Amino acid sequence: MQKTPVFPCEDGSRVPYKVFSSQEIYDLEQERIYKGPTWSFLGLEAEIPNSGDFKSTFIGDTPVVVTRAADGSLAAWVNRCAHRGAIVCRLNRGNAKSHECVYHQWSYDLQGNLAGVPFRRGQKGAAGMPADFKPTEHGLKKLRVESYRGLIFATFSATVGDLKTYIGPVMRPFVDRIFNRPIEYLGCTRQFSNSNWKLYVENVKDPYHASLLHLFHTTFNIFRVGMKAHCASDGELGLHSIIMAIKDQEGTEAAYKDQKIRSYDQNFRLEDESILALVPEYDIVATNHIQPIFPQLVIQQIHNTLAARQILPKGPNNFELIFHFFGYADDPPELRALRIKQANLVGPAGYISMEDTEVTELVQNGTASDRDANSFVEMGKGQPDESDTLITESLIRSFWTGYEKLMGFSAEAAS
Amino acid sequence: MRMEALLVRLEVQEILDAYISAIDEDRLEDWPAFFTEECLYEIIPKENEDARLPVGVMRCENRRMIRDRVISLRNANIFSPATYRHFLSGLTIKKTETDSVEFSCNYVVIRSNQAGQSFVYQTGRYHDRIVREEQAWRFAQKRAVFDTSRVQTLLAIPV
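Predicted, not measured: the structure shown is a model, and the values here were computed from it. (Residues numbered from 1 in each chain as written. Chains lettered and ligands numbered in written order. Predicted model: local features only at pLDDT ≥ 70, side-chain atom pairs only at ≥ 80, totals over all residues. Heavy atoms only, no water.)

Below, the discussion takes up the packing of helix H1 (residues 23-34) of chain A against helix H9 (residues 394-407) of chain A. Residues and elements named next belong to chain A. Where H1 meets H9, the axes come as close as 10 Å, and the angle between the chain directions of the two elements is 80 degrees. With respect to H9, the axis of H1 lies roughly perpendicular. Side by side, H1 and H9 meet where Ile25, Leu28, Glu29, Arg32 and Ile33 of the first sit next to Tyr403, Leu406 and Met407 of the second. In terms of residue class, the contact of H1 with H9 is built from six nonpolar, no polar and two charged. (Axes fitted to C-alpha atoms, helices over the stretch in contact; angles between N-to-C directions. Helix = DSSP H or I, 4+ residues; strand = E, 2+ residues; numbered from the N terminus. Parallel < 35°, antiparallel > 145°, perpendicular 65-115°, else oblique. Contact = heavy atoms within 4.5 Å. Nonpolar A, V, L, I, M, F, W, Y, C, P; charged D, E, K, R; others polar.)

Each side of the interface is counted separately: chain A has 37 residues, and chain B has 34 residues. Across the interface of chain A and chain B, roughly 3,300 Å² is buried in total on both sides, 54% from carbon and sulfur atoms. The interface formed by chain A and chain B includes five salt bridges. A salt bridge links Glu47 of chain B to Arg190 of chain A; its shortest N-O distance comes to 2.6 Å. Linking chain A with chain B are 24 residue pairs in polar contact (both at pLDDT 80 or more), by the criterion used here. Those elements that provide at least two residues to the side of chain A that touches chain B are strand E12 (183-193), helix H5 (215-219), strand E18 (319-328), helix H7 (333-342) and helix H8 (354-367) of chain A. When residues in the side of chain A that touches chain B are grouped by element, the largest group, eight residues, is from E12 of chain A. In terms of residue class, the side of chain A that touches chain B is made up of 18 nonpolar, eight polar and 11 charged. Across three bridges, the pairing between E12 of chain A and strand E7 (residues 150-152) of chain B is parallel. The residue of E7 of chain B that forms the bridge with Arg190 of chain A is Arg150 of chain B. (Buried area = accessible area lost by both parts, 1.4 Å probe. Salt bridge = Lys/Arg side-chain N within 4 Å of Asp/Glu carboxyl O. Polar contact = N/O pair within 3.5 Å; in protein donor to acceptor, adjacent residues only side chain to side chain. Pairing = 2+ DSSP bridges.)

The subject of this paragraph is empty space enclosed by the protein. Think of a ball as big as a water molecule: rolled over the atoms, this probe shows where empty space is left. Residues and elements named next belong to chain A. Counted by the stated rule, this structure contains four cavities of 30 Å³ or more. Each pocket or cavity is described by its volume, and for the largest cavity that value is around 240 Å³. His209, Ala210, His214, Asn288 and Ile290 are, among the 19 residues lining the largest cavity, the residues nearest its centre. Among the secondary structure elements, those contributing two or more residues to the lining of the largest cavity are strand E14 (241-246) and strand E15 (286-293). By residue class, the composition of the lining of the largest cavity is 10 nonpolar, six polar and three charged. Along the walls of the second largest cavity sit Leu278, Val279, Pro280, Glu281, Tyr282, Ile284, Val285, Ala286, Gln301, His303 and Asn304, which together make up its complete lining. Residue composition of the lining of the second largest cavity, by class: seven nonpolar, three polar and one charged. (1 Å grid on protein atoms, 1.4 Å probe; cavity = no way out; pocket = protein on both sides within 12 Å on 5 of 7 lines; lining within 4 Å. Points joined across faces, edges and corners; volume = space filled by probe spheres on them.)

Next up on the list: the sheet that holds strand E16 (residues 297-302) of chain A. Ordered by their spatial adjacency, eight strands build an open sheet running E13(A)-E14(A)-E15(A)-E16(A)-E17(A)-E18(A)-E12(A)-E7(B), and the pairing between neighbours is mixed. Here the strands that pair on one side only, and so sit at the sheet edges, are strand E13 (228-233) of chain A together with E7 of chain B. Sheet twist, expressed as the average angle between the axes of neighbouring strands with direction ignored, equals 15 degrees. Relative to strand E17 (residues 305-313) of chain A, E16 of chain A is paired through six bridges, and the arrangement is antiparallel. When the bridges of E17 of chain A are listed, Gln301 of chain A appears paired with Leu306 of chain A. Sheet contacts for helix H2 (residues 163-178) of chain A: E13, E14, E15, E16, E17 and E18 of chain A; angle to E15 of chain A, the most-contacted strand, approximately 135 degrees. Against the sheet, H9 of chain A engages E13 and E14 of chain A, with an angle of about 10 degrees to E13 of chain A.

Turning our attention to unusual backbone geometry. The residue after Phe294 of chain A, namely Pro295 of chain A, is reached through a cis peptide bond having omega 0 degrees. For Pro295 of chain A, the location among the structural elements is in the loop between E15 and E16. Residue Phe119 of chain A is not a glycine yet carries a positive backbone phi of 60 degrees. With respect to the secondary-structure elements, Phe119 of chain A resides in the loop between strand E9 (114-116) and strand E10 (142-148). Despite not being glycine, Arg52 of chain B shows a phi value in the positive range, around 55 degrees. Structurally, the position occupied by Arg52 of chain B is in the loop between helix H2 (46-50) and strand E2 (58-60).

Relative to the assigned elements, Asn62 of chain B resides in the loop between E2 and helix H3 (63-75). Here the side chain of Asn62 of chain B touches Asp272 of chain A through a polar contact of 2.9 Å, side chain to side chain. At 3.1 Å, the side chain of Asn62 of chain B forms a polar contact with the backbone nitrogen of Arg64 of chain B. Not counting chain neighbours up to four residues away, the residues in contact with Asn62 of chain B comprise Asp272 of chain A together with Glu37, Glu38 and Cys39 of chain B.

Structure, rendered in structure tokens:
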């Protein structure tokens with residue numbers, strides 16, 4: 001255990017800058033989070049619909065492959081040959097009946113079992129493998145893999161509960177809201193940020209920034225702080241959360257005028273407003289549904305664009321962010337076209353998302369040099385039960401509290 | 001016939017050079033005029049294009065959406081100042097008609113930031129169609145299919 005506490009307090013309102021750039025903490029995260037009692041999002045079932053379809057991805061730093069077996073079940077394994085450690089599957093995506101390491105042609109079935117070792121029994125007097133060599137002991141490292149409504153997760157942990165329990169009763173209705181029927185994968189976009197992965201987790205738990213950083217909303221009169229909101233964390237560690245901005249016709253321009261906020265501007269109008277259409281699809285008509293399921297997934301509905309965002313850490317100072325766009329299999333053509341058009345709102349060139357990786361880099365650059373100073377996270381702290389406002393940092397505090405426990409940084413975890 | 005093909009090639013090179021100069025010299029207000037009113041401009045990763053998946057990083061389905069991009073970039077979106085330099089190669093004319101030419105060519109965008117670093121920001125290939133409109137050539141289609149699927153930080157300025 002750490003002799004001095006990493007965090008100065010346990011309510012999540014102070015975050016030491018070092019957690020965003022320390023290699024030591026990053027290495028510990030790999031063990032305690034990504035290889036710990038969590039389920040990491042790997043992809044959508046719709047990406048690998050047929051038996052033999054596979055996708056290469058990561059859990060934290062560890063390369064993994066998720067594939068669909070002949071019987072339609074899912075399998076996931078660490079993408080590292082049991083022989084000498086080479087990457088086995090070298091393609092991002094594809095279809096294969098088995099996977100073979102190119103180095104010495106050790107081959108594995110779709111479940112990751114060792115199926116063949118060349119010259120195992122030797123040749124022309126060469127002895128081959130020792131007589132006690134058991135192929136069953138030299139398969140690929142297999143992971144527990146489960147799917148919840150078409151979202152595929154895997155875990156290294158033998159002890160964490162099933163995926164449904166991990167997502168939990170508070171978060172499940174919101175996952176169900178989006179994943180209510182079969183989906184179709186529409187492609188992905190990838191971006192790379194020179195900042196720590198947790199800065200992005202903070203960002204998707206931060207409704208306070210939405211209308212202040214993303215000026216597209218307010219410049220074109222799309223989104224107002226006064227919109228009805230729903231913000232909640234899961235009831236367990238508080239690492240998952242939901243933010244919904246619920247459509248409300250009442251303008252709150254006066255609220256902005258009073259605050260003298262730079263984003264207030266009445267003059268701009270889009271020439272093509274179809275990009276901001278909102279075809280009602282759900283019981284609750286929300287413009288935004290942002291739901292991180294810790295540590296690697298963010299479910300997103302913004303207007304009619306739908307995506308499962310995957311956050312992959314790439315060392316303490318970098319992360320990759322992959323948007324997996326999708327629609328429903330029964331989309332009428334006009335609605336499908338609208339989803340594709342509204343992909344303009346998000347992703348690397350997104351009207352209302354491009355700034356996110358910009359600001360996470362600003363924080364990274366600002367904090368790297370003064371590792372023992374802390375960020376200040378107190379908005380809405382006086383009203384811990386307030387869930388109907390976007391002017392709050394309660395989800396961020398909840399996240400850090402859960403992070404401290406999971407990482408063994410808090411007194412509760414240490415006792 | 002060879003002379004005609006050469007003239008087409010020169011006209012294509014002229015509009016391509018004018019197009020990249022407008023972007024590289026930060027004359028984004030001039031950018032929409034390179035397109036016809038009904039047009040398609042998109043930037044899509046090759047990964048999706050190859051898999052016949054439709055989603056890209058930017059997609060304007062008419063010139064109004066292109067103008068909206070410019071207004072948003074100038075007034076709403078926040079990004080670090082950067083300079084692009086485009087380099088084009090491998091121009092292939094695919095189809096020539098009286099008032100329409102289809103062609104493709106490679107592009108490289110080198111991006112320079114405030115710290116004075118330059119790096120390859122994006123490589124890809126344009127798949128374009130220009131049409132003659134009121135004596136001028138304009139893009140009816142410009143599709144930038146890019147190889148550098150992992151976009152560094154963000155993509156604000158068009159390619």
